[in-house]
Amino acid sequence: MNLVFLGPPGAGKGTQAERISGIYGIAHISTGDIFRENIKKGTELGRRAKEYMDRGELVPDEVVIDIVRDALVDEKCDRGFLLDGFPRTVAQAEALEVMLREIGRPLDRVVNLSVPDEVVVERLTARRTCRNCGRNYHLVFNPPKVEGVCDVCGGELFQRDDDREETVRARLEEYRRKTEPLIEYYRERGLLVEVAGDGDMDEVTQAIQEALATAAPGG
Ligand code: ADP
Ligand code: AMP
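Residues numbered from 1 in each chain as written. Chains lettered and ligands numbered in written order. Predicted model: local features only at pLDDT ≥ 70, side-chain atom pairs only at ≥ 80, totals over all residues. Heavy atoms only, no water.

Chemist: Explain the site of ligand 2 here, please?
Modeler: Taken together, 16 residues form the shell around ligand 2, and within it T31, R36, E57, G85 and Q92 come nearest. Between ligand 2 and the protein, one listed contact pairs an oxygen atom with a side-chain N or O atom of R160 at 3.2 Å. Here ligand 2, which alone exposes 480 Å², has 96% of that area covered by the protein. With four residues, the single largest contributor to the shell around ligand 2 is helix α2 (residues 31-41). When grouped by side-chain class, the residues that make up the shell around ligand 2 number six nonpolar, four polar and six charged. (Near = heavy atom within 4 Å. Polar contact = N/O pair within 3.5 Å; in protein donor to acceptor, adjacent residues only side chain to side chain. Areas by Shrake-Rupley, 256 points an atom, 1.4 Å probe, with all protein chains shown as cover. Helix = DSSP H or I, 4+ residues; strand = E, 2+ residues; numbered from the N terminus. Nonpolar A, V, L, I, M, F, W, Y, C, P; charged D, E, K, R; others polar.)

Chemist: I tried to follow the nonpolar core on my own but got confused; where do I start?
Modeler: Across soluble globular proteins, nonpolar side chains show a tendency to be buried alongside one another. The biggest cluster of nonpolar side chains holds 34 residues, and the ones touching the most others in it are L96, L107 and Y186. Of all the elements in the fold, those that place two or more residues in this core are β1 (2-6), β2 (27-30), α3 (44-54), α4 (61-72), β3 (81-84), α5 (90-103) and α8 (181-188). The element best represented in this core is α4, accounting for seven residues. Leaving out residues up to four positions away in the same chain, L96 has contacts with V4, L72, L83, F86, P87, L107 and Y186. Counting residues in each nonpolar core, the second largest holds 22 residues, with A17, L82, V111 and I208 among its members. (Core = buried A, V, L, I, M, F, W, Y, C linked by side-chain atoms within 4.5 Å. Buried < 20%, exposed > 50% of the residue type's maximum accessible area, 1.4 Å probe, protein only. Contact = heavy atoms within 4.5 Å.)

Chemist: I tried to follow a nonpolar patch on the surface on my own but got confused; where do I start?
Modeler: Taken together, L139, V140 and F141 make up a surface patch of nonpolar side chains, about 310 Å² in accessible area. Among the structural elements, F141 can be located in the loop between β6 (136-138) and β7 (157-158). Relative accessible area serves as the criterion here: at 48%, F141 is assigned to the partly exposed category. (Patch = residues over 30% accessible without salt bridge, like charges linked within 9 Å, V, L, I, M, F, W, Y side chains within 5 Å. Salt bridge = Lys/Arg side-chain N within 4 Å of Asp/Glu carboxyl O.)

Chemist: Sorry, what's going on with the site of ligand 1 here?
Modeler: Neighbouring ligand 1 are 19 residues, the closest being K13, G14, T15, R127 and Y137. Between ligand 1 and the protein, one listed contact pairs an oxygen atom with a backbone N or O atom of K13 at 2.8 Å. Bound to the protein, ligand 1 loses 94% of the 560 Å² it would expose on its own. Mapped by element, the contributors of at least two residues to the shell around ligand 1 are α1 (13-24), α6 (117-125) and β6. Residue classes in the shell around ligand 1 are distributed as seven nonpolar, eight polar and four charged.

Chemist: Honestly, the pattern of salt bridges in this entry has me stumped. Any pointers?
Modeler: Opposite charge on two side chains makes pairing possible when the charged atoms of those side chains draw close. Evaluation of the coordinates by the stated rule reveals 26 salt bridges. Residues D33 and R36 are paired through a salt bridge, measuring 2.8 Å at the closest nitrogen-oxygen approach. With a gap of three residues between them, D33 and R36 both fall in helix α2, about one helical turn apart. Taking the relative accessible area as the measure of exposure, D33 reaches 27% and is therefore partly exposed.

Chemist: I would appreciate a short explanation of the packing of aromatic side chains in the present structure.
Modeler: Within a pair of aromatic rings, the relevant descriptors are the distance that separates the centres and the angle that separates the planes. Scanning the entire structure with this criterion turns up one aromatic pair. Ring centres of Y185 and Y186 lie 5.0 Å apart, and the angle between their planes is 85°; on these two criteria the pair is classed as edge-to-face. Per residue, the accessibility class of Y185 equals that of Y186, and both read buried. In this structure, R131 packs its charged tip against the face of F158, placed 4.3 Å from the ring centre. Sitting above the plane of the Y185 ring, R189 keeps its charged end 3.6 Å from the centroid. (Phe/Tyr/Trp six-rings, centres within 6.5 Å; stacked < 30°, edge-to-face > 60°. Lys NZ or Arg CZ within 6 Å of the ring centre and 35° of its normal.)

Chemist: I keep staring at unusual backbone geometry and nothing clicks. Help me out?
Modeler: Omega for the bond connecting F86 with P87 falls within 30 degrees of zero, at 0°, which places this linkage in the cis form. You can see P87 is positioned in the loop between β3 and α5.

In structure tokens:
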């Protein structure tokens, strides 16, 4: 199964992508995670991406498209893939269409997770991320067992620079202007499945599974 998760920052894409990719045995590709790993390692790509991320802006299309092209041909994608946080612009969606045609792996569904803006701000300002493995927690809705420590790998939890309220607002504006048009783009192509993202985490996972099992593409 080849999937895309769309939705505003904080919709729960990463949280649900981890669960759904595990359930279906497919590769989870998060462009945001790839950038953060590169920032941690101090690569040139990380340095370039950080400039934009810290301002709450999107990284330029050509940079992101090259990364996704490399990720899609990895053997981890042989059983399918779930793209989390890509595409985020119409140019990225068009490039993706061409790449997938070239490798003969068309998309099966695009899941749009919708949540209201107030929920986005509430979720992101209390998100904490593991410095070591990248797993996300929420101080109230999904707290770690020991404060400040990742349950899975014992790494230190920190607040992403771009999760401060001011930057969250900038990211929401970028989302409205550049990413939201993709909902219509994929609806027109008969691939869109809409799922409400504001229930609790297990409810949302269930709703995605049901939508993937039952919804005829076309939303
Ligand atoms: P995205 O990848 O779309 O930016 P995340 O999956 O990182 O979003 O979720 C954002 C924050 O909200 C995290 O702190 C996460 O733990 C929390 N979260 C995710 N889904 C839910 C949910 N259904 N209910 C409450 N909190 C959630
Ligand atoms: P995320 O982890 O998905 O919230 O992404 C964090 C940040 O990485 C975004 O705010 C962007 O600056 C950058 N980013 C991630 N994916 C993309 C993309 N597909 N296009 C442009 N920028 C991206």
